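Listed here are the chains, written in short residue letters.
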Amino acid sequence: DAMVIQNPRYQVTQFGKPVTLSCSQTLNHNVMYWYQQKSSQAPKLLFHYYDKDFNNEADTPDNFQSRRPNTSFCFLDIRSPGLGDAAMYLCATARSYSYNEQFFGPGTRLTVL
Amino acid sequence: DQQVKQNSPSLSVQEGRISILNCDYTNSMFDYFLWYKKYPAEGPTFLISISSIKDKNEDGRFTVFLNKSAKHLSLHIVPSQPGDSAVYFCAARISGSARQLTFGSGTQLTVLP
């Protein structure tokens, strides 16, 4: 089945210790997104790629970086995690900007100690 | 500035009855609206959508109504089933734009057997 996969599902890191979250997709979609969702809040877009074209949201902290080495994979790097970065991180894909539906992965729950 | 609002964080209904989930938006540029359903430990999954050129869209037990003048949409589930218990997110976008989905904060629906 075509799908969006996120690894790991649960990640524990220490304050200030870099961490990388992974997303892969078998849908061959052009667009990949990273969202941050804190408890009882709306998912908040951090950035997205259209192919290799990176688009950062204006209020995404510099602490968050992303890489998309190929169509299938996209990574979220948090350079120095703070306690406030503990959240669910959701990866999503879309065929292109012309298609409204986004397909989500199961998310990675990040805990910062 | 929360452009998509779901003012009810939770809703409980009896099995077999109607569930009505509400969503309000403030940005008049939004022209496409989606509902996502999220189970614990899973990513959001697309449920149903509606374009601003319509005022109703139906898919089985799920119907979405759009009132553009009131900037309000609602999701009706009839009849409600225990398996419908989940968090429901309303989302909106401007079709074809690079700007992505703007989500509400979600409503936890509990269907009581």
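Let us look at the structure shown here.

What counts, and where the lines are drawn
Residues numbered from 1 in each chain as written. Chains lettered and ligands numbered in written order. Predicted model: local features only at pLDDT ≥ 70, side-chain atom pairs only at ≥ 80, totals over all residues. Heavy atoms only, no water. Contact = heavy atoms within 4.5 Å. Buried area = accessible area lost by both parts, 1.4 Å probe. Salt bridge = Lys/Arg side-chain N within 4 Å of Asp/Glu carboxyl O. Polar contact = N/O pair within 3.5 Å; in protein donor to acceptor, adjacent residues only side chain to side chain. Helix = DSSP H or I, 4+ residues; strand = E, 2+ residues; numbered from the N terminus. Nonpolar A, V, L, I, M, F, W, Y, C, P; charged D, E, K, R; others polar. Disulfide = S-S within 2.5 Å. Pairing = 2+ DSSP bridges. Core = buried A, V, L, I, M, F, W, Y, C linked by side-chain atoms within 4.5 Å. Buried < 20%, exposed > 50% of the residue type's maximum accessible area, 1.4 Å probe, protein only.

Topic: the interface of chain B and chain A
And then number 1: Taken residue by residue, the interface counts 21 residues in chain B and 21 residues in chain A.
And then number 2: Overall, the association of chain B and chain A removes approximately 1700 Å² of surface from exposure, summing both partners, and the carbon and sulfur fraction of that is 57%.
And then number 3: When the buried surface of chain B facing chain A is broken down by residue, Pro44, Gln100 and Phe103 of chain B rank first, second and third, together holding 29% of it.
And then number 4: Connecting chain B to chain A are zero salt bridges.
And then number 5: Inspection of the chain B/chain A interface yields five residue pairs in polar contact (both at pLDDT 80 or more).
And then number 6: The greatest single-element share of the side of chain B that touches chain A, amounting to four residues, is contributed by strand 4 (residues 32-38) of chain B.
And then number 7: Looking at the side of chain B that touches chain A, its residues break down into 10 nonpolar, seven polar and four charged.

With respect to the state of the cysteines
In a disulfide, the sulfur atoms of two cysteines are covalently bonded to one another.
And then number 1: By the definition in use, this model includes two disulfides over all chains.
And then number 2: Here cysteine 23 of chain A pairs with cysteine 91 of chain A through a disulfide, and the sulfurs are 1.9 Å apart. Its torsion about the S-S bond being -70°, the disulfide of cysteine 23 of chain A and cysteine 91 of chain A is classed as left-handed. Residue cysteine 23 of chain A is located in strand 3 (residues 19-25), and its partner cysteine 91 of chain A is located in strand 9 (residues 87-94); the two are separated by 68 residues in the primary sequence.
And then number 3: Note that cysteine 23 of chain B is cross-linked by a disulfide to cysteine 90 of chain B, the S-S spacing being 2.0 Å. Judged by the sign of its S-S torsion, about -70°, the bond between cysteine 23 of chain B and cysteine 90 of chain B is left-handed.

Considerations on the sheet that holds strand 1 (residues 4-5) of chain B
Residues and elements named next belong to chain B.
And then number 1: Read from one edge of the open sheet, five strands run 1-3-8-7-6, paired in antiparallel fashion. At either end of the open sheet lies a strand with only one pairing partner, and these are strand 1 and strand 6 (56-59).
And then number 2: Across two bridges, strand 1 lies against strand 3 (residues 19-25) in antiparallel orientation. The residue bridging lysine 5 from the neighbouring strand is aspartate 24, located in strand 3.

Some points on the nonpolar core
All names here are of chain B.
And then number 1: Of all hydrophobic cores here, the largest spans 23 residues; its most connected members are Phe33, Trp35, Leu73, Leu75 and Tyr88.
And then number 2: Put simply, the parts of the chain that give this core at least two residues each are strand 3, strand 4, strand 5 (45-51), strand 7 (62-67), strand 8 (72-77), strand 9 (86-93) and strand 11 (107-112).
And then number 3: Broken down by element, the residue count for this core peaks at four residues, all from strand 9.
And then number 4: Residues within four places of phenylalanine 33 in sequence aside, it is in contact with Tyr25, Ile48, Ser49, Ile50, Leu66, Leu73, Ala91 and Ala92.

A few points about the pairing of strand 3 of chain A
Residues and elements named next belong to chain A.
And then number 1: Extensive coverage of strand 3 is indicated by the burial of six of its seven residues.
And then number 2: Across four bridges, the pairing between strand 1 (residues 4-7) and strand 3 is antiparallel. When the sheet's bridge partners are listed, glutamine 6 is paired in strand 3 with cysteine 23.
And then number 3: Bridge analysis of strand 3 against strand 8 (residues 73-78) gives six bridges, and the strand direction is antiparallel. Among the inter-strand pairings, threonine 20 is bridged to a residue of strand 8, identified as aspartate 77.

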